[in-house]
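Examination of the molecular architecture
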Amino acid sequence: MPELPEVETIKNILSQILIGKKIESVEIRRAKTILGHPEVFEQTLSGRTILSLSRRGKYLIFHFDRDVVMLSHLRMEGKFYLKKKNEDISEHARVIFYFADSDKLCFDDSRCFGILKLSTEQTYMHEKELKKVGLEPFEIKNVDYLLQKANGKNLPIKSFLLDQSVMAGLGNIYADEVLFASKIHPLTPAKNISKNEWQDILNNSIKVLNKAIEQGGSTIRSYHPSQGIDGNFQVLLQAYGKKDQPCPNCHHLFHFTKVGGRGTTFCPFCQMKKVKPLTIGLTGMIGAGKSLVLEYFKRLGASIISSDMIVHKLYERADVIEQINALLDTNQKDKIDIDLLRNKVAKNPQMRKRIERIVHPLVKEEILYFIRHHHNDITVCEVPLLFQSGFDTLFDLNLAVVCSETIQLERLKKRNPMSYQQLLLFAYKPSEFYTKKADLIIVNDGDETLLEKEVSKIFNMVQSRLN
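Calculation notes
Residues numbered from 1 in each chain as written. Predicted model: local features only at pLDDT ≥ 70, side-chain atom pairs only at ≥ 80, totals over all residues. Heavy atoms only, no water. Phe/Tyr/Trp six-rings, centres within 6.5 Å; stacked < 30°, edge-to-face > 60°. Helix = DSSP H or I, 4+ residues; strand = E, 2+ residues; numbered from the N terminus. Buried < 20%, exposed > 50% of the residue type's maximum accessible area, 1.4 Å probe, protein only. Pairing = 2+ DSSP bridges. Core = buried A, V, L, I, M, F, W, Y, C linked by side-chain atoms within 4.5 Å. Contact = heavy atoms within 4.5 Å. Expected span 1.5 Å × (residues − 1). Disulfide = S-S within 2.5 Å. Salt bridge = Lys/Arg side-chain N within 4 Å of Asp/Glu carboxyl O. Axes fitted to C-alpha atoms, helices over the stretch in contact; angles between N-to-C directions. Parallel < 35°, antiparallel > 145°, perpendicular 65-115°, else oblique. Left-handed = near helix turned anticlockwise from the far one by under 90°.

Applying the stated rule across the entire model yields seven aromatic pairs. Between F41 and F97, the ring centres sit 6.3 Å apart and the planes meet at 55°, which makes this aromatic pair tilted. Pair noted here: F41 is in helix α2 (residues 38-45) and F97 is in strand β7 (residues 93-99), with a separation of 56 residues, a long-range link. Here F41 and F97 have matching classes, each one buried. Geometrically, the ring pair formed by F80 and F107 is tilted, given 4.9 Å between the ring centres and 45° between the ring planes. A residue pair is termed long-range when its members are at least 10 positions apart, and F80 in strand β6 (residues 79-84) and F107 in strand β8 (residues 103-108) qualify at 27 residues. You'll find F80 and F107 in the same group, each marked buried. Taken together, the ring pairs connect F62, F80 and F107 into an aromatic cluster.

Right, dumping it as structure tokens:
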């Protein structure tokens, strides 16, 4: 959806080519685009001359002679195209303004969400559409205004910024950019944003919007500010649309989530969540030392849980045993034989997927329950198949433990000389798999003392961010 910079760009473009033009007639091809009576709309604008254009939030406003004002909102795909009278128009033209000269202005809207509405100079700011539009960042002189608006609001800050009645002008693209520049996690409750952080948000809102206006806005998917014109700010975007790309500041990979149903991109490291508990998903290569890392986190005061332990308990549940017996055509009684299960899965990869469909939802349920009911500052959950299962989205940060392949084989042989090859076949992933996906990496090629130091460093770093 075009946001404030795009609408400002459109206003500037149209002001150069429309001011002084007199409307001869109006053709409405989609009556629902007009808020009000289409016939009154046509009759009122016929003979009117465009004096100026202005903008309020994301609304584009046309000012005519004889006290006539037209409000327009482009919504998802609305666009204004100036054409010669003999030029063809697109199938998406919803309203056409014919001028007294040889031009016509087409309001194109492929998604049919845009609106046009008539008003007057005295009343247009009191129309319900504009009445609920809050101050723009450029108009806010005292950050206490935002602090007061956010008081007691548990809404995530990303959703709060998208509320145009609070602060007009930030849409999905620029909210991501402002929060990234302000180093604030998008899920932070608005009520928890400090006065200094609100000042950062306000300053960065002004800076980002001004830069975007200077560059002509952003071209996202099919949106262009005018025919033949592209917004250049998309090449300067720091966060929006950068899922799985490295953060320009810390080089950790950007995460993608949904906040209030809106796609949201953020850096989990630069924008580390400050609301406790902060959750860490722990994974890594088989034999790299995940269990030892989990134990070190426990010693440092973190709440810990292992998905392997959850699975072992699930394999003793009667309902789970019944489902897996039916799948494997076995008659296991008190608990599932893990070695038997592993043998079956090694021979039939599709069987593994079927078992995961039984077990993974139950594991997820247990993890979320544990997180909700443990109130230490930091909670760490070991999940060997963190990325394969999609569980990485459950956590604020994802930590992977890796080691060289030579050391991995040595450790597995010591652990179980008879079955290490089978273990590798069952759960092998190279270190690159984890280093490309995880937010934090521990390389465990040394002794346990070095490993403990690495865990302590990460724990202290995370705790310092929370405080």
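Moving on, we get to the pairing of strand β11 (residues 262-266). Along β11, four of the five residues are buried, which leaves the element largely enclosed by surrounding structure. Direction of pairing for strand β10 (residues 255-259) relative to β11: antiparallel, over a ladder of five bridges. Residue pairing for β11: V259 is matched across the bridge by R262. In this antiparallel pair of consecutive strands, β10 and β11, the connection spans two residues, and G260 shows a positive phi of 60°.

I280, F297, Y315, I367, L399 and V462 are the most contacted members of the largest nonpolar core, which totals 66 residues. The element best represented in this core is helix α12 (residues 349-373), accounting for nine residues. Ignoring any residue separated from it by four or fewer positions in sequence, one finds V462 in contact with M272, L278, I280, I378 and L397. In terms of nonpolar packing, the next biggest core, distinct from the first, is built from 26 residues, V7, L14, F64 and M70 among them.

Our next topic: unusual backbone geometry. A positive phi angle, close to 70°, is found at D67, a residue other than glycine. Within the secondary structure, D67 is located in the loop between β4 (59-64) and β5 (68-73). The exposure class assigned to D67 is partly exposed, which follows from its relative accessible area of 31%. The backbone phi angle of H251 is positive, close to 70°, even though this residue is not glycine. By secondary structure assignment, the location of H251 is in the loop between α7 (195-214) and β10. Residue H251 is classed as exposed on the basis of its relative accessible area, which comes to 60%.

This part covers helix α1 (residues 4-18). The α-helix winds at 3.6 residues per turn, so residues separated by three or four positions along the chain end up facing the same way. With 15 residues, α1 should cover 21 Å at 1.5 Å per step; its first-to-last C-alpha distance of 20 Å lies within 8% of that length. The buried fraction of α1 amounts to twelve of the 15 residues, a majority that puts the element mostly inside the structure. Within the sequence span of α1, burial applies to L4, P5, E6, V7, E8, T9, I10, K11, I13, L14, S15 and L18. Phi turns positive, to about 95°, at G20, one or two residues after α1.

Taken as a whole and judged by the stated rule, the model has zero disulfides. Among the cysteines around C112, which has no disulfide bond, C106 carries the closest sulfur, lying 15 Å off. Classification of C112 by relative accessible area gives partly exposed; the value is 22%. Looking at the unpaired C267, the closest cysteine sulfur is the one in C250, lying at 3.4 Å. C267 sits in the buried class, given a relative accessible area of 0%.

By the secondary structure assignment, D377 is in the loop between α12 and β14 (378-382). As a C-alpha pair, D377 and V462 span 85 residues in sequence and 9.4 Å in three-dimensional space. With residues up to four places along the chain from it excluded, the contact list for D377 reads K276, P277, L278, Q463 and L466.

Right, let's talk about the pattern of salt bridges for a bit. Counting across every chain of the model gives 22 salt bridges. Ionic pairing is found between D103 and K21, a salt bridge with its closest N-O pair at 2.6 Å. Placement of D103 in strand β8 and of K21 in the loop between α1 and β1 (23-28) is noted, with a sequence separation of 82 residues between them. For the pair D103 and K21, a shared accessibility class is recorded, and that class is buried. Here K273 ties to D396 by a salt bridge, and the two come within 3.2 Å at their closest N and O atoms. With K273 in the loop between β11 and β12 (278-284) and D396 in the loop between β14 and β15 (397-402), this pair connects stretches of sequence that are 123 residues apart.

What follows is about the packing of helix α9 (residues 307-314) against α12. Running from N to C, α9 and α12 cross one another at 120°; their axes reach a closest spacing of 10 Å. Our classification of the angle between α9 and α12 gives oblique. The crossing of α9 and α12 is right-handed. On α12, the residues that touch S307, I310, V311 and L314 of α9 are V359, L362, V363, E366 and I367.

A sheet is described by the order of its strands in space; here four strands give the open sequence β1-β7-β8-β6, paired in antiparallel fashion. Single-partner strands in this sheet number two, and they are β1 and β6. On average, each strand axis in the sheet is inclined to that of its neighbour by 20°, with strand direction left out of account. Here five bridges tie β7 to β8, and the two strands are oriented antiparallel to one another.

What follows is about the packing of helix α11 (residues 338-347) against α12. Describing two packed helices takes the angle between their axes plus the distance from one axis to the other. Where α11 meets α12, the axes come as close as 5 Å, and the angle between the chain directions of the two elements is 125°. What the angle tells us is that α11 and α12 run oblique. Facing α11, whose interface residues are L341, V345 and K347, α12 presents P349, R352 and I355.

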